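Chain residues, written in single-letter form:
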Amino acid sequence: MTTRTFPTAYEDTGGDGPPVVLIHGVGLSQAMWAAQKAALSPRYRVVTLDMLGHGGSPAPAADAGLDDYADQVAGLLDHLAIDKAILIGFSMGALVARAFALRNPDRLLGMVLLNGVFDRSDDVRATILGRVDEVRLAGPAANADAAIERWFSPRFRAENPAYIADLRDHMAGNDHHGYLTSYGLFASQDNFGADRLDQISVPTVVATGEFDVGSTPAMTRALAARIRGAKAVVIPDARHMMPVEMPEETNALLLGCLDTMTHAATAAGEA
């Protein structure tokens, strides 16, 4: 389906099932969800979007915060006349989903946080902020190669050179201001709403890959422990970009989560 703009760039696919909104990570776009759209759309209404400053969506304000990204999602739901949805957020998208959950609790049926960040150490946060400075000076391409090495296994990179080349070009082509603003939030807001996470009451699953060095299993378990009833899942052998590199395992996790959340919402009369 052709990407639409309203001004947020989005795609709305699938059938009449419960709505599911997928939010990509920093530097990426809704294109990362191709495998998930194919797997989920036969049973769910799948909505993907480009975050502020990414793809076909407008750039964020210079002083934008995570709440502005959450408001973008809420505005898209309004545009599509969707009252409540399940959110699936990846990496920075998981931060946006957390912000949405705290800002719009009555519009959420459930939430899956994939490869998110939480409570970085001071040393790790300083390293990430150093990467933001590199982007400020040299643009979005400054650390794309290093990111790709962290995100994918050597085998995947070797077997998929065209995909890696396209991804590198995409990252380098991001709007400098939009990318810098988004990356700055991703680098600094890992503890966003930490003191309010226990207010989230919808079914929540927090998942990452066994070998995700930036969104570690320890982070996943710590974040899940802050959200009432949340479940932590670690996918064996997976790295950061597991929705792309390990789609079958990721899709199996998501379908199981969505089925459980949909049944819970139906029982509560919310779906």
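See above for the structure.
Just so it is clear, the model here is predicted, and its values are computed rather than measured. Note on numbering: residues in each chain are counted from 1, in written sequence order. pLDDT decides what is reported in this predicted model: residues at 70 or higher carry local features, side-chain atom pairs at 80 or more are listed and counted, and totals for whole chains, interfaces and linings draw on all residues regardless. The side-chain figures draw on all heavy atoms in the structure; neither hydrogens nor water molecules are used.

1. Details of the packing of aromatic side chains
Keep this limit in mind: Any pair of Phe, Tyr and Trp rings, taking the six-membered ring for Trp, is counted once the centres come within 6.5 Å. Such a pair is stacked with planes under 30 degrees apart, edge-to-face with planes over 60 apart, and tilted for the rest. Burial here depends on accessible area, computed with a 1.4 Å probe over protein chains only, as a share of the maximum for the residue type. Under 20% is buried, over 50% is exposed, and the range in between is partly exposed. Our definition puts a charge over a ring when NZ of Lys or CZ of Arg is within 6 Å of the ring centre and also within 35 degrees of the ring normal.
Enumeration over the complete set of coordinates arrives at 7 aromatic pairs. With a centroid separation of 6.0 Å and 80° between ring planes, the pair formed by Phe 156 and Tyr 163 is classed as edge-to-face. On the basis of relative accessible area, Phe 156 is assigned to the buried category, the value being 11%. Here the aromatic cluster, defined as three or more aromatic residues joined through ring pairs, consists of Phe 152, Phe 156 and Tyr 163. A cation sits over an aromatic face here: Arg 120 above Phe 186, 4.9 Å from the ring centre. The ring of Phe 192 carries Arg 196 above its face, with NZ or CZ at 5.9 Å from the centroid.

2. Section: the nonpolar core
Rules: Residue types Ala, Val, Leu, Ile, Met, Phe, Trp, Tyr and Cys, when buried and joined through side-chain atoms within 4.5 Å, form a set referred to as a nonpolar core. Strands are runs of DSSP state E lasting at least 2 residues, helices are runs of H or I lasting at least 4, and numbering of each runs from the N terminus. Contact between two residues is taken to exist if any of their heavy atoms lie within 4.5 Å; hydrogens are not considered.
Counting residues in hydrophobic clusters, the biggest one holds 93 residues, and the most contacted among them are Val 21, Ile 23, Ile 88, Leu 114 and Phe 152. Ranked by residues supplied to this core, first place goes to helix 3 (residues 92-103) with 9 residues. Apart from the residues lying within four places of it in its own chain, the contact partners of Ile 23 are Trp 33, Leu 49, Met 51, Val 73, Leu 87, Ile 88, Gly 89, Phe 90, Gly 93, Val 96 and Ala 97.

3. With respect to helix 5 (residues 144-151)
As a reminder, the rule being used: As used here, the arc belongs to the directions running from the helix axis to the C-beta atoms.
Listing the buried residues of helix 5 in full gives Ala 144, Ala 147, Ile 148 and Trp 151. Considered in projection along helix 5, the buried side chains sweep an arc of 100° and stay on one side of the axis.

4. Details of the sheet that holds strand 8 (residues 231-235)
Note the cut-off: Two strands form a pair only when DSSP identifies at least two bridges running between them. Note on geometry: axes are lines fitted to C-alpha atoms, helical ones only across the stretch in contact, with angles between N-to-C directions running from 0 to 180 degrees.
Strand order in the open sheet formed by 8 strands is 1-2-4-3-5-6-7-8, with mixed pairing between adjacent strands. In this open sheet, the two strands that pair with only one neighbour each are strand 1 (4-5) and strand 8. As paired strands, strand 3 (residues 19-23) and strand 5 (residues 85-90) are joined by 4 bridges and run parallel to one another. Bridge pairing in strand 5 links Val 20 to Ile 86. Those strands touched by helix 2 (residues 66-79) are strand 2 (9-14), strand 3, strand 4 (45-49) and strand 5, and its axis lies near 135° from that of strand 4.

5. Here we look at unusual backbone geometry
Despite not being glycine, Ala 81 shows a phi value in the positive range, around 55°. Tracing the backbone shows Ala 81 in the loop between helix 2 and strand 5. In the Ramachandran plot, Asp 119 falls in the positive-phi region, its phi being about 50° despite a non-glycine side chain. Structurally, Asp 119 can be placed in the loop between strand 6 (108-114) and helix 4 (122-138).

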